[in-house]
Amino acid sequence: MQRTRIKFCGFTRQADIDMAVALGVDALGFVMWPKSSRSVDIEQLAGLSAKVPAFVSRVGLFVDPSAEWVEACLPHLDLLQFHGDETPEFCAGFDRPWIKALRMRDTIDLAFEAERYAQSQALLLDAYRPGTPGGTGESFDWSRIPATLAKPVILAGGLTPENVSQAVHQVRPYAVDVSGGIEASRGCKDASRMASFVRQVALADAR
Ligand SMILES: O=C(O)c1ccccc1N[C@@H]1O[C@H](COP(=O)(O)O)[C@@H](O)[C@H]1O
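Residues numbered from 1 in each chain as written. Predicted model: local features only at pLDDT ≥ 70, side-chain atom pairs only at ≥ 80, totals over all residues.

## Here we look at the site of the ligand
- Around the ligand, a shell composed of 26 residues is seen, among which C9, S36, G134, G135 and G180 lie nearest.
- Elements that contribute at least two residues to the shell around the ligand include exactly β2 (27–31), β6 (123–126) and β8 (175–178).
- A class-by-class count of the residues in the shell around the ligand yields 10 nonpolar, 13 polar and three charged. (Near = placed C-beta within 6 Å. Helix = DSSP H or I, 4+ residues; strand = E, 2+ residues; numbered from the N terminus. Nonpolar A, V, L, I, M, F, W, Y, C, P; charged D, E, K, R; others polar.)

## Some details on the nonpolar core
- If you look at the biggest cluster of nonpolar residues, it comprises 52 residues, and the most contacted ones within it are F8, L28, F30, L123, I154 and V176.
- Discounting residues that sit within four places of it in the chain, I154 has contacts with I99, A122, L123, L124, P173, Y174, A175 and D177. (Core = buried A, V, L, I, M, F, W, Y, C linked by C-beta atoms within 7 Å. Buried ≥ 20, exposed ≤ 12 C-beta atoms within 10 Å, placed from the backbone. Contact = placed C-beta atoms within 7 Å.)

## Quick notes on the packing of helix α6 (residues 164–171) against helix α7 (residues 191–206)
- Between α6 and α7, whose axes approach to 8 Å, the crossing angle comes to 35 degrees. Two packed elements cross with a definite hand, and for α6 against α7 that hand is right-handed. Each of V164, S165, V168 and H169 in α6 lies in contact with α7, whose residues at this interface are F197, Q200, V201, L203, A204 and D205.
- A per-class count over the contact of α6 with α7 returns six nonpolar, three polar and one charged. (Axes fitted to C-alpha atoms, helices over the stretch in contact; angles between N-to-C directions. Left-handed = near helix turned anticlockwise from the far one by under 90°.)

## Observations regarding the sheet that holds strand β4 (residues 79–82)
- Reading around the barrel, the eight strands line up as β1-β2-β3-β4-β5-β6-β7-β8 and close back on themselves, with parallel pairing between neighbours. The sheet shows a mean angle of 25 degrees between the axes of neighbouring strands, taken without regard to direction.
- As paired elements, strand β7 (residues 153–155) and β8 share two bridges and run parallel to each other. Paired with L155 across the strands is V176, a residue of β8. (Pairing = 2+ DSSP bridges.)

## Comments concerning the packing of helix α1 (residues 14–23) against α7
- The N-to-C vectors of α1 and α7 enclose an angle of 25 degrees; their axes lie 10 Å apart at closest approach. What the angle tells us is that α1 and α7 run roughly parallel. Between α1 and α7 lies a crossing of right-handed hand. Taken together, the residues of α7 that come into contact with α1 (itself represented by M19, A20 and L23) are A191, M194, A195 and V198.
- Its residues assigned to classes, the contact of α1 with α7 comprises seven nonpolar, no polar and no charged. (Parallel < 35°, antiparallel > 145°, perpendicular 65-115°, else oblique.)

## Comments concerning the UniProt feature "domain: N-(5'phosphoribosyl) anthranilate isomerase (PRAI)" (unreviewed entry) in the protein chain
- UniProt marks residues 7–199 with the feature "domain: N-(5'phosphoribosyl) anthranilate isomerase (PRAI)" (unreviewed entry), using the numbering shown here.
- Secondary structure across residues 7–199 comprises 28% helix and 21% strand; the distance between its end C-alpha atoms is 14 Å. (UniProt positions renumbered as here; feature names shortened; annotations may be inferred.)

Printed below as a string of structure tokens:
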């Protein structure tokens, strides 16, 4: 049996981070894509990430960034998450481990993508909505995920305390990633939904 890792994404407030850490969440995501209403600037990133304790990963989320922007954020991050059309060469060009987010459009060939992004630590699978790079709050048909893939799967897209137990039971991903499903409003987390999400993942793991 393997414990399903949990990443909560889109933090903008210290109190929400404190709660996530207390709940035992494995990774905290900071949206470094300025067009998102959940984004933080580099001063906020520095302040928030400095208080994250040991053994909790600080993940920076990027959408087709410049190399200079990633480099500027790097001192405050443990892992990079790329959500745009970044090439494998670009993703691998920084001194950090990284994961590649893939949106589940009808034509996607996951075996091919797993080979293409072989240097990634994992593939994050998200719902596809044309013109939006992610964070839509929408889920996709989990049965489209092959039972075996060359890279660990991080399941994302429309996960909530209400559906995550079924998602974990069905997909058995390496990790789950959630943003909107644990929010009270855009960028502000809901403490009871965070706690409920963590509980539901643990229950699914024990099933
Ligand atoms: O959250 C954002 O604003 C965002 C913007 C651009 C790309 C990805 C974004 N979020 C990530 O999308 C998935 C799914 O989010 P949700 O749970 O459906 O709201 C997740 O990895 C977020 O971190």
